[in-house]
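Chain by chain, the residues run as shown.
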Amino acid sequence: MISIKEAVIVEGKFDKARVAEVCDALIITTDGFTIFKDKRKKEFLKALAERQGLLVLTDSDRAGFLIRLHLKSFIPNEYIKHAYIPAIEGKERRKRTPSKEGILGVEGMDAELLENILKEAATVREVKAGEKITKSDLYEVGLSGKSGSAVLRRAFARELSLPPRLSANALLEILNAAYSREEFFEIVNKSRNTG
């Protein structure tokens, strides 16, 4: 399994599950064409792109390329990378019939092939033991498990240009993808000193 610096952008939840099998990264879904109308998600992706970069991994069909083009329309080129899967004929196991174009999507890719595609396109990072932010860390600073944690978490998320209604688990996933444990505590301390 590889650890990726960029946030990986995929189309749907089955693609997300497949990518999560081969890499440690923040994986965000566009929910198909929903990204065309979701202003909050667009703002979130812009902020995320500036902070850590995006790696787009959509299906190799027409829909996948339309989503790529749309992402490129509001995210500057310097913050976006693209990984491409090959157009392999077939159908995903969970589906009764092949897709409209008759090719496999991200969810149908062989794990080894998918990992190699991601290695080629992504910035692979080394994660040291003990570097990850934990749920205990969130509890320690009041962002989880305490009275008023939800309110603090919303304010903290807004400060980092994240969606305000993140659960503790979602916040933890994003923080671990974007920051080291040391950086997290620096941000918390800075936030307390200015707040």
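What you see is a predicted model, and the numbers here were worked out from it, not measured in a lab. (Residues numbered from 1 in each chain as written. Predicted model: local features only at pLDDT ≥ 70, side-chain atom pairs only at ≥ 80, totals over all residues. Heavy atoms only, no water.)

Would you mind going over unusual backbone geometry with me for this structure?
One non-glycine residue, Asp31, lies in positive phi territory at about 55°. Topologically, Asp31 is positioned in the loop between strand 4 (27-29) and helix 2 (39-52). (Helix = DSSP H or I, 4+ residues; strand = E, 2+ residues; numbered from the N terminus.)

Can you help me understand the sheet that holds strand 5 (residues 54-56) in this one?
Hydrogen bonds between backbone groups are what pair the strands of a sheet, and the pairing can be parallel or antiparallel. Within the open sheet, the four strands sit side by side as 4-2-5-6. Their pairing is parallel. With partners counted over all chains shown, the strands left at the sheet margins are strand 4 and strand 6 (80-82), one partner each. Averaged over all pairs of adjacent strands, the angle between strand axes in this sheet comes to 30°, irrespective of strand direction. The pairing of strand 2 (residues 7-10) with strand 4 spans three bridges and is parallel. Across the sheet, residue Ile9 finds its bridge partner in strand 4, namely Ile28. Strands in contact with helix 1 (residues 13-20) are strand 2 and strand 4; relative to strand 4, the strand with the most contacts, it is inclined by about 165°. Packed onto the sheet, helix 2 meets strand 2, strand 4 and strand 5 and runs at close to 155° relative to strand 4. (Pairing = 2+ DSSP bridges. Axes fitted to C-alpha atoms, helices over the stretch in contact; angles between N-to-C directions. Contact = heavy atoms within 4.5 Å.)

Would you mind showing me how to read the pattern of salt bridges here?
Once the charged atoms of two side chains with opposite charge are near each other, the side chains can pair. Counted under the stated rule, the structure contains nine salt bridges. Linking Asp137 and Arg181 is a salt bridge whose minimum nitrogen-to-oxygen distance equals 2.7 Å. One end of the pair, Asp137, is in helix 5 (residues 135-140); the other, Arg181, is in helix 8 (residues 181-194), with 44 residues separating them in the sequence. In this structure Arg181 comes out as partly exposed when scored by relative accessible area, which is 31%. (Salt bridge = Lys/Arg side-chain N within 4 Å of Asp/Glu carboxyl O. Buried < 20%, exposed > 50% of the residue type's maximum accessible area, 1.4 Å probe, protein only.)

What's the story with the nonpolar core in this structure? I'm lost.
One finds Leu45, Leu54, Leu71, Phe156, Leu175 and Phe184 to be the most contacted residues of the largest nonpolar core, which totals 36 residues. Looking at this core, the elements that each hand over two or more residues are strand 2, helix 2, strand 5, helix 3 (62-74), helix 6 (149-159), helix 7 (168-178) and helix 8. Here this core takes six residues from helix 7, the largest share from any one element. Sequence-distant contacts of Leu54, defined by excluding residues within four places in its chain, comprise Glu6, Ala7, Ile9, Leu45, Leu48, Ala49, Ile75, Tyr79, Ile80 and Lys81. (Core = buried A, V, L, I, M, F, W, Y, C linked by side-chain atoms within 4.5 Å.)

How do you make sense of the packing of aromatic side chains when you look at a structure like this?
Summed over all chains, the structure comprises four aromatic pairs. Measuring from centroid to centroid gives 6.0 Å for Phe65 and Tyr84, while their planes differ by 20°, and the two rings are stacked. On the criterion of sequence distance, the pair formed by Phe65 in helix 3 and Tyr84 in the loop between strand 6 and helix 4 (111-121) is long-range, its members being 19 residues apart. Of the residues examined, Phe65 reaches a relative accessible area of 38% and is grouped as partly exposed. With a centroid separation of 6.2 Å and 85° between ring planes, the pair formed by Phe156 and Phe184 is classed as edge-to-face. (Phe/Tyr/Trp six-rings, centres within 6.5 Å; stacked < 30°, edge-to-face > 60°.)

Just to check I follow, could you spell out helix 2 for this structure?
Because each turn of an α-helix spans 3.6 residues, side chains separated by three or four positions in sequence point in the same direction. Compared with an ideal rise of 1.5 Å per residue, which puts 14 residues at 20 Å, helix 2 spans 20 Å between its outermost C-alpha atoms and is within 8% of the ideal. Within helix 2, burial applies to Lys41, Lys42, Phe44, Leu45, Ala47, Leu48, Ala49 and Gln52. The inward-facing, buried residues of helix 2 contact strand 2, strand 4, strand 5, helix 3 and helix 7. Where helix 2 begins, the side chain of Asp38 points an oxygen toward the backbone nitrogen of Arg40, at a separation of 3.3 Å. Within two residues after helix 2, Gly53 carries a phi angle of roughly 85°, on the positive side. (Expected span 1.5 Å × (residues − 1). Polar contact = N/O pair within 3.5 Å; in protein donor to acceptor, adjacent residues only side chain to side chain.)

Which parts of the structure should I look at to understand the environment of Asp15?
Structurally, Asp15 is set in helix 1. Overall, Asp15 belongs to the buried group, its relative accessible area being 5%. Counting along the chain gives 10 residues from Asp15 to Lys5, while the straight-line C-alpha distance between them is 19 Å. With sequence-adjacent residues up to four places away left out, Asp15 is seen in contact with Val10, Asp59, Val106 and Glu107. Here Glu107 takes part through its backbone nitrogen, which lies 3.1 Å from a polar atom of the side chain of Asp15.

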